[in-house]
Structure formats: structure tokens, C-alpha cells
Amino acid sequence: MSDIAGPAAAAFSSLDAAQIQFLQSLPKAELHAHLNGSIPISVLQELAAERASSSSSSSGSSSSESISDELVLSGIQKLLKGVTLDKIDDFFTLFPAIYALTSTPDALRRATRAVLRTFLDVSDPSLNPNPYPQCSYLELRTTPRQNTHMDREIYLRCVLEEVETYPPSRAGLIVSIDRKMGEETVKEILHLAMKLKKEGRRVVGLDLCGDPTAGDMGVLEPYFLEAKKAGLGVTLHIAETTQNTPEETLKLLSYNPDRLGHATFLNEETISIVLQKKMCIEICLSSNLLCKTVPTLESHHIHQYLKAGHPIAISSDDILPFRTSLLAEYALLLAKPPYGLGLTEDQVRTVAEMSLKARFGSSE
Ligand code: 6MZ
């Protein structure tokens, strides 16, 4: 667990061996993990080194996502040192460097493979004698991009090829739509997701993500309704910042999503809709603390859902910049205050069961 830092690492370090064993052996689902935010730093370093050597031996690629080698290297250095965010907006500036490194089908496949391994495989037994993966089931999400090396369909097929090396009981793919995208792109992505699902590919849901202050949420309704009709699960990043208005939150709730990402700033009216419709909340504790949308664990909105026995799914969001792991996020539940919420093992087990129940994918 040496690559974790911050609040999750502190919670993890406060646990004894029996508590760690309990958390490791607990069946649990990771339902909110963004592919490009979850790539091991060692893989990005490899990709950066290859990119540097190929751009010095040739004139370099002309990808629409290409940025200078200096910017890529400084992005990697930032991630290596550990990023400190003053506000959530700073978070989104980390991605151009990562995207420059995952802009070819080969690099994307390698990155996806590494992310799947991180969550689903048992790490090298000589390094970790405990035979448990981070999670029993992973619903990985990603936003299909197009550039000079691939179109969005190729992007999704590359990711799916890797996801499908695991059985359906272990992994599924959620296709993300970025709030900044225009309607034409949203339509294209929705139709790709539906087409791939129809072909029997492992697409289980549709997500809305990206900079929470961007975009017009008034125009997306028909697309998410169509996704639901096609049998895709729908999850929406919602009310992630104070800038997200109650009107916008109500609009997004009218799409009738199955699950919600973050849902940090709900008012009485929207909370009551969420409770009544039993929409599962994907809770990302470290992400919220580090993006400073929630000041402390004690004030985190998870408490209201725990009190109500409302479905939640503890998730990691972006383990690369947040330097966490799913296990460490569960440590935040079990650790005694001030390191964690101090839940009992039975309460933590109930929470883990909720994550498995909220899967879009099948449990065959
Ligand atoms: C909103 C987020 C996010 O899709 O390229 N993303 N969107 N809120 C968050 N919480 C902090 N964390 C990640 O993965 C990276 C993309 O996921 C979205 C952003 O759009 C980011 O560019 P993919 O695989």
C-alpha cells in the first residue's frame, strides 16, 4: 500500500492486521472508477518514455491530443509528487498530459489492462501474501475520444477487448459522456453504446461526467431516456459543487437515473426524491476531501445515507491523482475517528453488500 497517501492512507495505517484482513476478504464492487484517472503511474511513465524516444527519432505524431513533451513530463511529475488541489477545477487540468499518453489504440489497451489488473487481480504474492483483489467486481467507466489515431468506436472496442478478458461476473464497462460535449457527440456516443450492447459486448451503462460547471443539462434528457429504454444502466455525476443549481439537479433527476455520482449538494427536495426512488449514491470519500468539496469526514453527506439505510457504493473515483485504493476507501469507513468514520465490521459489510446489489452488470 506504499502508493497511497493522504486521508485514506492515514485511515489504512490506523487499522490492525485483523481489520485489514477483514476488509480485504469482504466481497465488494467498485462502481465509480474513471479509466484515465486510474492508470498506474509506472505505466504512464513507460508510455511517456516511449513517446519521448519516438518523437526524437521522428517528427512526432500529429495527434489532435498532442501536447509538448515538456507538458507531458511536468504532468507526470505533478502526479508523482502528489497533487494538491485548491479547488475541483484544478483537477481537470491534470488530464491533457494523461490523454496525450493514451491517444493510440495500443497505449489505450495497455492502460486499460493495467487498470483492470490493479482492481481485479491479486498482486504479486511475493509482495502481497494476501490472496485478495481490490474488488470482486469492477464497473470501469471511460469517455470515448477521437483523434488522428482512432475514432470513438475504435476507442470503445479497444477498452472492451480488455474488459472482456474477465468474465461478466467480474467486469463491465460504463460509457461516459462529458458535460462539455455537444448534442451531436452525445448522440453518437449513445448510439455506439447501444450498438455495442446489441452486439453482445460488455457495455452495461451510460454516465455523465466532466467539469461539473460545464454544459447545458437541459438538452440531454432524450438521450439518457433512450439509454434506459435500451437496457443500459444510467449514472449521473450530480450536484458535485455548490455551483450546480437545484434546478439543474432536479433536471438531472428527471432523467430517472439508477445511480448518482457524488450527489454532494442536494437540498431537501432533491434528497427526498433520491431517498424515495432509492437511487444508489456512489460515494468517493478521498476524492471529495481532496477536491475540497467536502471539508471533513464528519461533515460528509455519507452520514445521512448511512442513517437512512439508503443504498451507497463506496468507490475510488480516480486512484491515480487521489493516491488511494478501494481498500483504503473502505479503511475510511472502519478506522476510528479522527482517521475514519468508526463503523463496525457489520456496518461495513452491509455497505459492501449494497455495492454489489447496485451493479448494472450481471452477476452470472
Ligand atoms: C467529474 C470526473 C471526475 O473518462 O477519460 N472525471 N468528472 N467529476 C470527477 N470527480 C473528481 N473524475 C474524473 O477518465 C477521466 C475523465 O473522467 C472525468 C473527467 O471528464 C476526466 O477527464 P476517462 O477515462
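Look up: the structure comes first, before these words.
Note that the structure is a prediction, hence the values are computed from the model and not measured.

Novice: Quick one: what's the story with the sheet that holds strand E2 (residues 137-142), residue by residue and with numbers?
Specialist: Spatial ordering of the open sheet is given by E1-E2-E3-E4-E5-E6-E7-E8, a layout of eight strands whose pairing is parallel. Only two strands of the sheet have a single partner each, and these edge strands are strand E1 (29-34) and strand E8 (312-314). Averaged over all pairs of adjacent strands, the angle between their axes in this sheet comes to 25°, without regard to strand direction. In this structure, strand E7 (residues 280-283) lies alongside E8, joined through three bridges in parallel fashion. Within the sheet, the bridge partner assigned to Ile283 lies in E8 and is Ile314. Packing against the sheet, helix H11 (residues 246-253) makes contact with strand E4 (203-209), strand E5 (233-238) and strand E6 (259-262), and its axis sits at approximately 175° to E5.

Novice: Which residues make up helix H12 (residues 268-276), and what values do they have?
Specialist: Regarding H12, the residues found buried are Thr270, Ile271 and Val274. What you see down the axis of H12 is that its buried residues fit within an arc of 100°, all on one side. Seen from the open side of H12, the exposed residues pointing more than 90 degrees away from its buried face are Glu268 and Gln276. Residues of H12 that are buried in the fold lie against H11, E6, E7 and helix H14 (302-308).

Novice: Explain the site of the ligand to me, using residue names and the numbers behind them.
Specialist: Surveying the vicinity of the ligand reveals 19 residues, the closest of which are Asn36, Tyr99, Thr142, Thr143 and Asp318. Note that an oxygen atom of the ligand is positioned 3.5 Å from one of the side-chain N or O atoms of Asp178. The contact in question runs from a nitrogen atom of the ligand to an N or O atom on the backbone of Gly210, over 3.0 Å. Starting from 520 Å² of accessible surface for the ligand in isolation, the protein chains cover 98%. Given that more than half its atoms are within 2 Å of the pocket grid, the ligand belongs to the second largest pocket. Of all elements in the fold, only helix H5 (88-92), helix H6 (95-101) and E2 reach the threshold of two or more residues within the shell around the ligand. Class assignment of the residues belonging to the shell around the ligand gives a composition of six nonpolar, eight polar and five charged.

Novice: An account of the packing of helix H2 (residues 17-25) against helix H16 (residues 326-334) is requested, with residue identities and associated values reported.
Specialist: Close contact between H2 and H16 brings their axes to 10 Å; oriented N to C, the two are set at 125°. As the angle between them shows, H2 and H16 are arranged oblique. The way H2 lies across H16 gives a crossing that is right-handed. Taking contact as the criterion, the partners of Gln19, Phe22, Leu23 and Gln24 in H2 are, on H16, Leu327, Tyr330, Ala331 and Leu334.

Novice: Could you give an account of the pairing of E4, naming the residues involved and the relevant values?
Specialist: By the criterion of burial, E4 is predominantly enclosed, with seven of the seven residues buried. Pairing of strand E3 (residues 171-178) with E4 involves six bridges; the strand directions are parallel. Residue pairing in the sheet places Ser176 in a bridge with Asp207 of E4. After leaving E3, the chain enters helix H9 (residues 183-198) and then returns to the sheet as E4, a path that is right-handed. Bridge count between E4 and E5: four bridges; the pairing is parallel. Paired with Asp207 across the two strands is Thr235, which belongs to E5. Each parallel crossover has a hand, and the one from E4 via helix H10 (residues 221-229) to E5 is right-handed.

About the cut-offs
- Residues numbered from 1 in each chain as written.
- Predicted model: local features only at pLDDT ≥ 70, side-chain atom pairs only at ≥ 80, totals over all residues.
- Heavy atoms only, no water.
- Pairing = 2+ DSSP bridges.
- Helix = DSSP H or I, 4+ residues; strand = E, 2+ residues; numbered from the N terminus.
- Axes fitted to C-alpha atoms, helices over the stretch in contact; angles between N-to-C directions.
- Contact = heavy atoms within 4.5 Å.
- Buried < 20%, exposed > 50% of the residue type's maximum accessible area, 1.4 Å probe, protein only.
- Arc of directions from axis to C-beta.
- Near = heavy atom within 4 Å.
- Polar contact = N/O pair within 3.5 Å; in protein donor to acceptor, adjacent residues only side chain to side chain.
- Areas by Shrake-Rupley, 256 points an atom, 1.4 Å probe, with all protein chains shown as cover.
- 1 Å grid on protein atoms, 1.4 Å probe; cavity = no way out; pocket = protein on both sides within 12 Å on 5 of 7 lines; lining within 4 Å.
- Sits in = over half its atoms within 2 Å of the grid points.
- Nonpolar A, V, L, I, M, F, W, Y, C, P; charged D, E, K, R; others polar.
- Parallel < 35°, antiparallel > 145°, perpendicular 65-115°, else oblique.
- Left-handed = near helix turned anticlockwise from the far one by under 90°.
- Right-handed = clockwise from strand over helix to strand, strands pointing away.

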